[in-house]
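Spelled out, the chains give:
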Amino acid sequence: MKAKESTKLAVIDSNTGIDWYDQSWNERVFSHPERTIRVGTAFSGIGAPEMALDLLGVKHEIVFACDINKAAKKSYLANYNVRDWWDDVKELDATRYTGMIDLFVAGVCCQPWSLSGKLKGLDDERGQLFYQFVRVICECAPKVWIFENVDNILHHRSEIDGKEVLTWPILLNDMETSFTEAGLHYHIHYRVLDAADYGVPQHRERVFCIGFLDESVDDKGDFLFPAPVKLEKSLYDYLDDLTPGRRYLTARERISLMGFPGTFKQVVSDAQFSKQAGNSIVVDVMMALYKQMDITRYGVEA
């Protein structure tokens, strides 16, 4: 266990609810379509947060992106224009972007927390990358940040002083401590969302944790997550071959099920493309979050 010595064990209560009674997210209209969102991402993969902005028609500039995987880099650079690319989050110097980032998104490595992994959590070197995510926030102070990971991160347990405790409160408290030391205050909300509730015919539950900078808007403390919508599509809508019988999904079908359009360029092998789909955030969920929070409010005038 390698959590910071300053860790407090009190649970931060941020079980933000669902917006069941307000206007549905898919009916909302952006308040400031003329503004540009300056974006930074880490553990960028194939750019689901960026693609969601593209598909919504939101004006944006990708200031930086970062991924250590060479195949992911190849796919990313074939599909997006980014000002600065970083190969390793540990080397990402976000101080040069202070005050220049409106939105920062990171799908931090999930293997340390996944039931399909070894569940080493913070004892896994990849689990420690959570603190790199926090460091980037402290250095560039984005107006909004979004953290995505497997839902099991909420249930993972660590041993401290001979006792088993939930890891998630440790991560939240360490994050809050770092923000305070950096002179930042974020209103933090988290909830598990299932892709099937946001237009995609696959059950993919992931925790989304969102932070709103205190100075950014007046009502971030009232944020509610987008309510589920009726699923209009079936798996067959994503298949290229409708011949009856059981078969494996193709790489292109897997990418499509993650919300990427047919225009998304494939520049890697089918095996790599399929793996990239499996590691990605679902684009449709990002679109729902952007609509719900009205992401254009955090942009800048051209």
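Within any chain, residue numbers begin from 1 and follow the written order of that chain's sequence. Where local features are concerned, this predicted model is filtered to residues with pLDDT of at least 70; where side-chain atom pairs are given and counted, the filter is 80 or more; whole-chain, interface and lining totals use all residues. Heavy atoms from the whole structure form the basis of all side-chain values; hydrogens and water molecules are not counted.

1. Side note on the overall build of the protein chain
Working step 1: Note on conventions: DSSP H or I runs of at least 4 residues are helices, E runs of at least 2 residues are strands, and numbering of each starts at the N terminus. Helix and strand counts for the protein chain come out as seven helices and 11 strands.
Working step 2: Note on exposure labels: buried denotes an accessible area under 20% of the residue type's maximum, exposed denotes more than 50%, and partly exposed covers the range between, all computed with a 1.4 Å probe on protein chains only. Relative to its 302 residues, the protein chain shows a buried fraction of 52%.
Working step 3: The contact criterion used is simple: two residues touch if any of their non-hydrogen atoms lie within 4.5 Å. Expressed as a percentage of contacts within the protein chain between residues at least 6 apart in sequence, the contacts between residues at least 24 apart total 69%.
Working step 4: Roughly 14500 Å² of accessible area belongs to the protein chain as shown, and the carbon and sulfur atoms make up 49% of that amount. Values of accessible area rely on a 1.4 Å probe in the Shrake-Rupley scheme; residue burial ignores everything except the protein chains shown.

2. Observations concerning the nonpolar core
Working step 1: Buried residues of nine kinds, namely Ala, Val, Leu, Ile, Met, Phe, Trp, Tyr and Cys, make up a nonpolar core once their side-chain atoms join them within 4.5 Å. Formed by 55 residues in total, the largest nonpolar core has its most connected members in Phe260 and Ile295.
Working step 2: Broken down by element, this core gets its largest block of residues, eight residues, from helix α7 (residues 283-293).
Working step 3: Once residues lying within four places of it in the same chain are set aside, the contact partners of Ile295 are Phe30, Ile37, Leu53, Val58, Leu103 and Tyr290.

3. Digging into empty space enclosed by the protein
Working step 1: Put simply, the grid is 1 Å and covers the protein atoms alone, a cavity is a trapped set of points that fit a 1.4 Å probe, a pocket is an open set with protein on both sides within 12 Å along at least five of seven lines, and lining residues have an atom within 4 Å of a point. Grid points are joined across faces, edges and corners, and a volume is the space filled by probe spheres set on the points. Taken as a whole, this structure holds one cavity of 30 Å³ or more when the rule is applied.
Working step 2: Of the volumes computed, that of the largest cavity is approximately 40 Å³.
Working step 3: For the lining of the largest cavity, a count of residues per class yields four nonpolar, one polar and three charged. Only Asp, Glu, Lys and Arg are considered charged in this grouping, and only Ala, Val, Leu, Ile, Met, Phe, Trp, Tyr, Cys and Pro are considered nonpolar; every other residue, Gly among them, is considered polar.

4. Topic: the confidence of the model for the protein chain
Working step 1: pLDDT gives the predictor's per-residue confidence on a scale running from 0 to 100. Residues with a pLDDT of 70 or more make up 86% of the protein chain, whose mean pLDDT is 88.
Working step 2: The low-confidence segment residues 1-14 (pLDDT under 50) makes 32 contacts with residues lying over four places distant or belonging to another chain.

5. Notes on the environment of Gly57
Working step 1: Considering the arrangement of structural elements, one finds Gly57 in the loop between α1 (48-56) and β3 (60-66).
Working step 2: Taking the C-alpha atoms as reference points, Gly57 and Pro33, separated by 24 residues in sequence, lie 8.6 Å from one another.

6. So, the side chain of Ser44
Working step 1: Within the secondary structure, Ser44 is located in the loop between β2 (37-42) and α1.
Working step 2: Excluding its chain neighbours within four sequence positions, the residues that come into contact with Ser44 are Ala65, Cys66, Asp67 and Tyr76.

7. A word on the packing of aromatic side chains
Working step 1: Ring pairs shown here join Phe, Tyr and Trp side chains whose ring centres sit within 6.5 Å, with only the six-membered ring taken for Trp; geometry is labelled stacked below 30 degrees between planes, edge-to-face above 60, and tilted in between. For the structure on display, the rule yields 22 aromatic pairs.
Working step 2: Aromatic side chains Phe130 and Phe133 sit 6.0 Å apart centroid to centroid with 45° between the ring planes, which places their arrangement in the tilted category. Remark: Phe133 and Phe130 occur in helix α3 (residues 130-140); sequence separation between them is three residues, near one turn of the helix.
Working step 3: Relative to Trp145, the ring of Phe133 lies with its centre 5.6 Å away and its plane at 85°, an arrangement referred to as edge-to-face. Remark: Trp145 occurs in strand β6 (residues 144-150) and Phe133 occurs in helix α3; sequence separation between them is 12 residues.
Working step 4: A network of ring pairs unites the aromatic residues Phe64, Tyr97, Phe104, Phe130, Tyr131, Phe133, Trp145, Phe147, Trp168, Phe179, Tyr186 and Tyr190 as a single cluster.
Working step 5: The ring of Phe30 carries Lys291 above its face, with NZ or CZ at 5.9 Å from the centroid. Only when the NZ atom of a Lys or the CZ atom of an Arg is both within 6 Å of the ring centre and within 35 degrees of the ring normal do we say a charge sits over the ring.

8. Considerations on the sheet that holds β6
Backbone hydrogen bonds hold the strands of a sheet together, and the pairing may be parallel or antiparallel.
Working step 1: For two strands to be treated as a pair, DSSP must find no fewer than two bridges joining them. Taken in spatial order, the seven strands make up an open sheet running β4-β3-β2-β5-β6-β10-β9, and their pairing is mixed. Looking at which strands have only one partner, the edges of the open sheet turn out to be β4 (82-86) and β9 (186-194). Taking the axes of each pair of neighbouring strands and ignoring which way they run, one obtains an average angle of 15° across the sheet.
Working step 2: Axis definition: a line fit to C-alpha positions, over the contact stretch in the case of helices; interaxial angles, taken between N-to-C directions, run 0 to 180 degrees. In the packing of α3 onto the sheet, the strands contacted are β3, β5 (103-106), β6 and β9, and the crossing angle to β6 comes to about 170°.
Working step 3: Taken strand by strand, α7 contacts β5, β6, β9 and β10 (205-213), and its axis lies near 30° from that of β10.

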